[in-house]
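Below are the chains, spelled out letter by letter.
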Amino acid sequence: MDKRIPLRATALAALLACQPAFAADVVISQLYGAGGNNGATLRYDYVELFNRSTSAVAVGGWTIQYASASGSSWGRAELPAGTSIDPGKYFLVKLASSNTAVGSDVAADFFNGSVNMSGASGKVALVNNNTALSGAQPSSAAIQDVVGYGSANFSETATAPGMSATTSLLRANNGCSDTNHNAADFTAVAPQFRTAASPANMCDNGPVPQPIVPVCPASATLTFGAGGSIALSASDADGMVNGALITSSAVPGLSLGSLTPAAGIGGNASVSLVASPSVAVGTYPVAVKFTNDQGQDASCTVGVTVEMGAGSVVPVHQVQGAGATSPYNGAKLTTEGVLTAKVGSGFFIQDLAGDGDPNTSDGMFVYMGAAPVTAAVGDLVRVAGTVTEYKPSGAARSYTELSNVTSVVTQSSGHSITPSNIDLLGTNLANVEGMLVRFPGTLTVNGTESLGSRGELALADGRREVPTNRYRARSPEAIAMAAANAANMITLDDGLFVTPNSVPYIGQDGTVRSGDTVSGLTGVVDFGALGSGGAGFKLQPTETPVFSRANPRSAAPEVAAGNVKVASANVLNFFTTFVDGTDVLGQTGQGCTLGAGTSKSNCRGADNMTEFVRQRDKIVAELKAIDADVVGLMEIQNNGDYAASYLVDSLNAAYGKVEYAYVPKPAATGTDAVRVAMIYKPAKLALVGGALSDANAIYERPPMAQAFKAANGAKFSLVVNHLRAKRCSNPSGGNVDQGDGQGCYNQLRLEQVQQLADSFVPQVVAAAGDEDVLLIGDFNAHGMEDPILFLGAEERQVRFENQLERFVRPNGIPHSYVFGAESGYLDQALASVSLSQQVAGAVLWNINADEPEVLDYNLDGRNAAAQALYNALPYRASDHDPVVISLDLPAAYTDVTAGVQVQRSGLVQGRFSNIGTATAWLTNSSGADMAAPVHYVLQGLPANVTLANATGYVNGMPYITAAPSLAAGAQATIQLQFNNPGRVAVNYTPKVYNGSF
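A few points on the structure. (Residues numbered from 1 in each chain as written. Predicted model: local features only at pLDDT ≥ 70, side-chain atom pairs only at ≥ 80, totals over all residues. Heavy atoms only, no water.)

Some points on the overall build of the chain
In step 1: Each helix and strand in the chain was counted, giving 13 helices and 58 strands.
In step 2: Here the C-alpha radius of gyration of the chain, 46 Å, is well above what a compact globule of 997 residues would show, namely 30 Å.
In step 3: Referenced to the eigenvectors of the C-alpha coordinate spread, the extents of the chain come out at roughly 150 × 90 × 60 Å.
In step 4: Here the chain holds 997 residues, and 52% of them are scored as buried.
In step 5: Considering only contacts within the chain whose residues lie at least 6 apart along the sequence, 70% involve residues at least 24 apart.
In step 6: Accessible surface for the chain amounts to roughly 40,500 Å². Of this, 50% is attributable to carbon and sulfur atoms.
In step 7: Once the 57 positive and 81 negative side-chain charges of the chain are each reduced to a mean point, those two points are 7 Å apart. (Helix = DSSP H or I, 4+ residues; strand = E, 2+ residues; numbered from the N terminus. Rg over C-alpha atoms; globule rule 2.2 N^0.38 Å. Buried < 20%, exposed > 50% of the residue type's maximum accessible area, 1.4 Å probe, protein only. Contact = heavy atoms within 4.5 Å. Areas by Shrake-Rupley, 256 points an atom, 1.4 Å probe, with all protein chains shown as cover. Lys, Arg positive; Asp, Glu negative; His and termini not counted. Charge placed at Lys NZ, Arg CZ, Asp CG, Glu CD.)

Describing the sheet that holds strand S24 (residues 380–390)
In step 1: One closed barrel accounts for 5 strands, arranged S21-S22-S23-S25-S24; its pairing is mixed. Ignoring strand direction, the axes of neighbouring strands in this sheet form an average angle of 55°.
In step 2: Where S24 meets strand S25 (residues 399–412), 10 bridges bridge the pair, whose relative direction is antiparallel. Within S25, the position partnered with Arg 382 by the bridge is Val 409. (Pairing = 2+ DSSP bridges. Axes fitted to C-alpha atoms, helices over the stretch in contact; angles between N-to-C directions.)

Structural notes on the pattern of salt bridges
In step 1: Under the defined criterion, the tally for this structure stands at 35 salt bridges.
In step 2: A salt bridge links Lys 681 to Asp 627; the nearest nitrogen and oxygen atoms lie 2.6 Å apart. Of this pair, Lys 681 sits in the loop between strand S38 (674–680) and strand S39 (685–693) while Asp 627 sits in the loop between helix H7 (609–626) and strand S36 (630–637), and the two are 54 residues apart along the sequence.
In step 3: On the basis of relative accessible area, Lys 681 is assigned to the buried category, the value being 5%.
In step 4: Asp 627 sits in the partly exposed class, given a relative accessible area of 30%.
In step 5: Here Arg 862 and Asp 856 are joined by a salt bridge, their closest N and O atoms 2.7 Å apart. For the pair Arg 862 and Asp 856, a shared accessibility class is recorded, and that class is buried.
In step 6: A single salt-bridge network, built from bridges that share partners, covers Arg 463, Arg 513, Arg 553, Asp 850 and Glu 851. (Salt bridge = Lys/Arg side-chain N within 4 Å of Asp/Glu carboxyl O.)

Considerations on the packing of aromatic side chains
Between two aromatic rings, the relevant description is the distance of the centres plus the angle of the planes.
In step 1: The tally for this structure, following the rule as stated, stands at 22 aromatic pairs.
In step 2: When the ring of Phe 574 is compared with that of Phe 612, the centres are 5.3 Å apart and the planes differ by 45°; the resulting orientation is tilted. Of this pair, Phe 574 sits in strand S33 (residues 564–574) while Phe 612 sits in helix H7, and the two are 38 residues apart along the sequence.
In step 3: With a relative accessible area of 0%, Phe 612 lands in the buried category.
In step 4: Of the aromatic side chains, those joined through ring pairs into one cluster are Phe 574, Phe 578, Phe 612 and Tyr 646.
In step 5: Lying over the aromatic face of Phe 111, Lys 94 brings its terminal NZ or CZ to 5.0 Å of the ring centre.
In step 6: In this structure, Arg 904 packs its charged tip against the face of Tyr 988, placed 4.6 Å from the ring centre. (Phe/Tyr/Trp six-rings, centres within 6.5 Å; stacked < 30°, edge-to-face > 60°. Lys NZ or Arg CZ within 6 Å of the ring centre and 35° of its normal.)

Here we look at the pairing of strand S4 (residues 63–67)
In step 1: A large share of S4 lies buried, amounting to 5 of its 5 residues.
In step 2: As paired elements, S4 and strand S9 (residues 122–127) share 5 bridges and run antiparallel to each other. Paired with Ile 64 across the two strands is Leu 126, which belongs to S9.

Let's talk about H7
In step 1: Over its 18 residues, H7 extends 26 Å from the first C-alpha to the last, a length consistent with the 26 Å expected when each residue adds 1.5 Å.
In step 2: Restricting attention to buried positions, one finds in H7 the residues Glu 611, Phe 612, Arg 614, Gln 615, Arg 616, Lys 618, Ile 619, Val 620, Glu 622, Leu 623 and Ile 626.
In step 3: On its buried side, H7 packs onto S33, S36, helix H8 (642–655), S38, helix H13 (864–867) and strand S48 (883–887).
In step 4: By the N-cap criterion, in which a side-chain oxygen at the helix start approaches the backbone nitrogen of a residue two or three places on, H7 is capped by Asn 608, the distance to Thr 610 being 3.2 Å.
In step 5: Asp 627 sits one or two residues past H7 and shows a positive phi near 55°. (Expected span 1.5 Å × (residues − 1). Polar contact = N/O pair within 3.5 Å; in protein donor to acceptor, adjacent residues only side chain to side chain.)

What to know about the environment of Gln 909
In step 1: In this structure, Gln 909 sits in strand S51 (residues 908–909).
In step 2: Taking C-alpha positions, Gln 909 is 140 Å from Asp 236, a pair spaced 673 residues apart along the chain.
In step 3: Those residues in contact with Gln 909 that sit more than four places away from it in its chain are Asn 914, Ile 915, Gly 916, Asn 980 and Arg 983.
In step 4: There is a polar contact of 3.2 Å between the side chain of Gln 909 and the backbone oxygen of Ser 913.
In step 5: At a separation of 3.2 Å, a polar atom in the side chain of Gln 909 contacts the side chain of Asn 980.

A few points about the state of the cysteines
In step 1: Tallied over the full model, the rule gives 4 disulfides.
In step 2: A sulfur-sulfur distance of 2.0 Å marks the disulfide that ties Cys 592 to Cys 603. Handedness of the Cys 592-Cys 603 disulfide follows from its S-S torsion of about 100°: it is right-handed. Here Cys 592, found in strand S34 (residues 592–594), pairs with Cys 603, found in the loop between strand S35 (597–599) and H7; they are 11 residues apart in sequence, far enough to count as distant.
In step 3: A relative accessible area of 8% places Cys 603 in the buried class.
In step 4: Across the disulfide, Cys 728 is cross-linked to Cys 744 (sulfur-sulfur distance 1.9 Å). Between Cys 728 and Cys 744, the disulfide has an S-S torsion of 90° and is therefore right-handed. (Disulfide = S-S within 2.5 Å.)

Digging into the side chain of Glu 48
In step 1: Tracing the backbone shows Glu 48 in strand S2 (residues 46–51).
In step 2: Given the relative accessible area of 0%, Glu 48 is considered buried.
In step 3: Here the side chain of Glu 48 touches Arg 194 through a polar contact of 2.6 Å, landing on its backbone nitrogen.
In step 4: With near-sequence residues (within four places) excluded, Glu 48 lies in contact with Val 27, Ile 28, Ser 29, Gln 30, Tyr 90, Phe 91, Leu 92, Gln 192, Phe 193 and Arg 194.

Comments concerning the pairing of strand S1 (residues 26–32)
Walk down a regular strand and you will see the side chains alternate between the two sheet faces.
In step 1: For S1, a buried count of 7 out of 7 residues is recorded, marking the element as mostly surrounded by other parts of the structure.
In step 2: Note: S1 against S2, 6 bridges, orientation antiparallel. By the bridge assignment for S2, Tyr 32 is matched with Tyr 46.
In step 3: As defined by bridge partners, S1 adjoins strand S11 (residues 168–171) across 2 bridges and the pair is classed as antiparallel.

Here we look at the nonpolar core
In step 1: Ranked by size, the top nonpolar core spans 37 residues in total, and within it Val 437, Phe 439, Leu 457, Leu 459, Ile 490, Leu 521 and Leu 539 carry the most contacts.
In step 2: Among the elements of the structure, strand S21 (332–343), strand S27 (436–447), strand S28 (457–460), strand S29 (490–492), strand S30 (517–529) and strand S31 (535–541) are those that each provide at least two residues to this core.
In step 3: Those residues in contact with Leu 457 that lie beyond four places of it in its chain are Val 445, Gly 447, Thr 448, Leu 451, Ile 490, Thr 491, Leu 492, Tyr 505, Val 512 and Phe 547.
In step 4: By size, the runner-up hydrophobic cluster in this structure holds 33 residues, among which are Ala 569, Ala 606, Leu 623 and Ala 643. (Core = buried A, V, L, I, M, F, W, Y, C linked by side-chain atoms within 4.5 Å.)

A closer look at the packing of H7 against H8
In step 1: At their nearest, the axes of H7 and H8 sit 10 Å apart, and the two run at 65° to each other. Relative to H8, H7 is oriented so that their crossing is right-handed. On H8, the residues that touch Phe 612, Arg 616, Ile 619, Val 620, Leu 623 and Lys 624 of H7 are Tyr 646, Leu 647, Ser 650, Leu 651, Ala 654 and Tyr 655.
In step 2: Here the residues of the contact of H7 with H8 sort into 9 nonpolar, 1 polar and 2 charged. (Left-handed = near helix turned anticlockwise from the far one by under 90°. Nonpolar A, V, L, I, M, F, W, Y, C, P; charged D, E, K, R; others polar.)

Topic: the sheet that holds strand S5 (residues 75–78)
In step 1: Reading across from one edge, S5-S4-S9-S10 is the order of the 4 strands in this open sheet, with antiparallel pairing throughout. Two strands in the sheet have a free side with no partner beyond their single neighbour: S5 and strand S10 (143–149). Strand-to-strand twist of the sheet, defined as the mean angle between neighbouring strand axes without regard to direction, takes the value 15°.

Written out as structure tokens, the structure reads:
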């Protein structure tokens with residue numbers, strides 16, 4: 001507060017009009033400005049502050065500001081937030097140094113090196129904010145104190161003496177004197193700074209107010225349902241306590257009664273902390289603040305504990321309560337209910353009558369750990385224990401249960417609870433946790449991942465589709481589907497919480513598949529950790545579930561007929577070198593290459609030869625059943641052509657003949673331990689040129705392309721892809737999961753398809769001389785995610801059309817992979833626009849993703865019962881389903897013999913040469929122009945006779961291209977040269993074809 005002292009003489013007032021006067025509680029009591037100067041006593045400048053008042057003063061955010069003797073620019077040193085100076089105490093601020101090697105250090109309360117004062121003349125202000133003062137002689141209500149010294153032009157009345165290297169300025173009376181006259185209040189003396197640790201110096205300001213003294217018990221215990229009150233009081237030696245209030249969080253049923261104020265100074269005020277009978281069991285810290293007529297306050301805290309009385313029984317529905325957690329959380333109590341189900345670590349009870357409130361569950365779980373339970377289902381039991389809110393790892397909510405059980409006493413037997421009929425989509429499962437329920441409708445199996453490891457099946461109302469499988473990421477539709485999926489799942493458990501000795505729920509064909517259904521499911525609603533990770537609501541069945549095979553297996557993929565069948569198959573780490581360091585040849589000490597390193601730790605897939613044989617046989621069965629003309633493979637060992645060659649040999653052995661060959665690897669196969677590969681049927685397709693790959697560093701697993709020619713001469717190019725996985729492994733920037741359903745590394749996958757479409761595909765088209773391109777493989781992107789939509793964008797020079805959306809979507813959810821009990825397809829079939837017109841059909845053969853993982857080749861951690869489920873059938877050969885595409889490629893050429901008149905001359909055989917010559921004339925008598933090249937084919941030449949000037953061969957027969965085109969009625973002349981060493985008669989059947997060979 002700015003309290004100005006009036007001057008007595010007008011002349012003096014005029015003379016000193018620029019000299020301010022301040023009377024603040026905190027003043028500058030000492031300062032030193034020669035820190036680090038030559039000959040300085042001390043190494044740093046300092047300003048000492050002193051609280052002259054009887055109350056603490058908060059000075060956090062205040063500043064010490066300095067300007068030169070006549071300067072107008074003020075440097076600032078801000079005091080730290082939360083700083084407070086107690087009555088009669090000092091606070092030392094260490095400032096800058098001219099040379100830290102000169103003088104002794106200063107043991108200060110705070111250091112700020114931003115202000116460097118003069119040791120002779122200057123001006124220092126204490127300001128209650130952080131705003132820089134303005135001008136050489138500032139006028140601001142924020143200024144609390146000013147000291148001008150030496151020749152300074154700003155001070156209180158007159159400047160204090162100048163300082164030196166060995167002297168500081170000290171306020172009189174140890175800081176208490178403040179006459180608003182710097183010259184009178186300060187003396188130059190040797191530095192004698194004080195800190196907050198120095199003894200208090202109480203100025204003569206009258207008596208110090210005495211504090212309020214509350215009298216409260218530290219704790220108090222009450223009995224639930226009885227209520228009670230706790231006496232509190234407070235007094236003040238020099239004042240009267242006249243108010244009280246609770247300052248802690250409100251607790252229903254706890255309040256203060258009417259205060260009886262103190263009758264006089266020093267008297268007692270009293271009040272009661274009142275607890276109603278409805279206060280829930282628990283412990284509550286209650287803070288009460290007392291106030292007096294002097295503006296003072298003081299608080300005390302009472303720990304109020306409400307306990308159950310001996311013999312009290314709290315109904316289950318009261319223990320559960322209507323909130324997210326039990327109102328009795330942490331309380332020791334007794335409850336009672338009918339035992340409805342036993343599980344591996346305890347049992348469930350349910351109130352015999354219930355309260356009829358849909359917001360409170362009538363059931364709960366009693367955790368027993370390994371303790372035996374002698375009570376039986378149908379017994380009415382009274383259980384004593386502690387109410388606990390159990391929160392499994394990864395859970396977003398807790399689960400009310402009774403733990404630390406001290407007694408389970410059977411009251412009677414033979415009771416039954418009628419299950420509550422519920423609808424999964426219309427029920428908040430939290431309101432029925434622990435209760436016996438029945439789903440009268442049909443639920444669908446959505447996930448089988450943890451069937452073998454935990455005896456769990458993920459169920460939902462219908463099949464849950466990955467939102468970005470159907471809708472564009474970040475769209476309102478995708479967001480709505482994600483929310484709907486989250487509310488549409490319950491896990492069917494087997495009550496064990498450990499790996500089961502026998503795999504439950506296995507039925508027809510030794511499996512249970514995603515897409516199968518179960519009706520009338522009855523059990524108790526549980527909540528806990530899931531074998532697939534995280535936590536969720538589960539159903540512990542009380543009646544044996546009966547599944548219907550709504551999603552039957554098929555022996556082979558059913559796809560529309562065409563003349564070329566293409567397949568895409570992820571073979572799930574088909575390695576001929578094993579994790580144990582052995583290989584298919586029985587060699588030891590082997591390894592797999594990843595990047596620049598080779599080690600058995602880089603190997604994936606089979607651990608040993610036993611697992612490998614199981615894996616190989618399933619994959620061979622899968623590929624044989626598909627019987628495609630060409631197959632693109634993902635996740636095959638990147639060891640040259642060896643793994644692909646081994647798979648081909650195994651497949652041919654299954655056929656009993658040579659049916660397949662592998663496409664020789666391209667130059668670049670990437671740095672990953674796996675690569676993409678191709679196998680094909682040479683009897684159906686011919687290689688056109690060599691395989692190509694894209695060695696761009698953006699790929700770990702480069703795409704591989706190969707052009708093929710069908711028997712009818714039609715060509716197309718196949719590109720096999722395996723983009724970066726969604727798995728999060730230290731991503732950064734745009735590759736971090738954006739929470740839009742596309743997972744990690746979506747940005748990298750998008751960059752990979754940009755490289756694929758803009759650079760690699762044009763190379764493939766140019767090399768093949770044909771725009772018919774089919775992209776297949778594991779794109780690790782669902783159907784409506786950014787990478788797939790990019791490839792189908794209208795503005796693309798080479799645009800690709802999604803064949804699975806075209807052929808599979810109309811018949812249901814297209815899916816090749818199940819994760820998190822949601823179905824979608826990561827495996828794609830994308831045809832260039834020109835090829836799309838030649839696609840007869842496409843299917844996803846759902847033999848893997850819908851099948852339980854426990855059926856695969858692995859032996860790890862599986863007991864005999866689980867291992868016995870294995871067979872060498874194709875089902876669960878991988879975790880991805882194969883894609884099968886049927887192409888109906890039109891012939892590149894047509895037989896036009898009937899529309900061409902052929903005339904031939906006789907053979908002229910050289911007398912001394914093996915060469916014979918003849919002429920043929922072709923006349924277009926079809927009545928239509930033949931725009932494409934016209935070829936003359938010689939069918940059935942005699943043995944040992946060849947066409948020496950043949951343009952080429954088609955289906956083993958020589959031909960000569962007669963003309964690039966032949967108009968209606970036009971004629972083309974062909975000269976024929978035969979190599980005829982036996983000088984036999986040259987007879988053949990002429991054929992004429994129009995088109996491209």
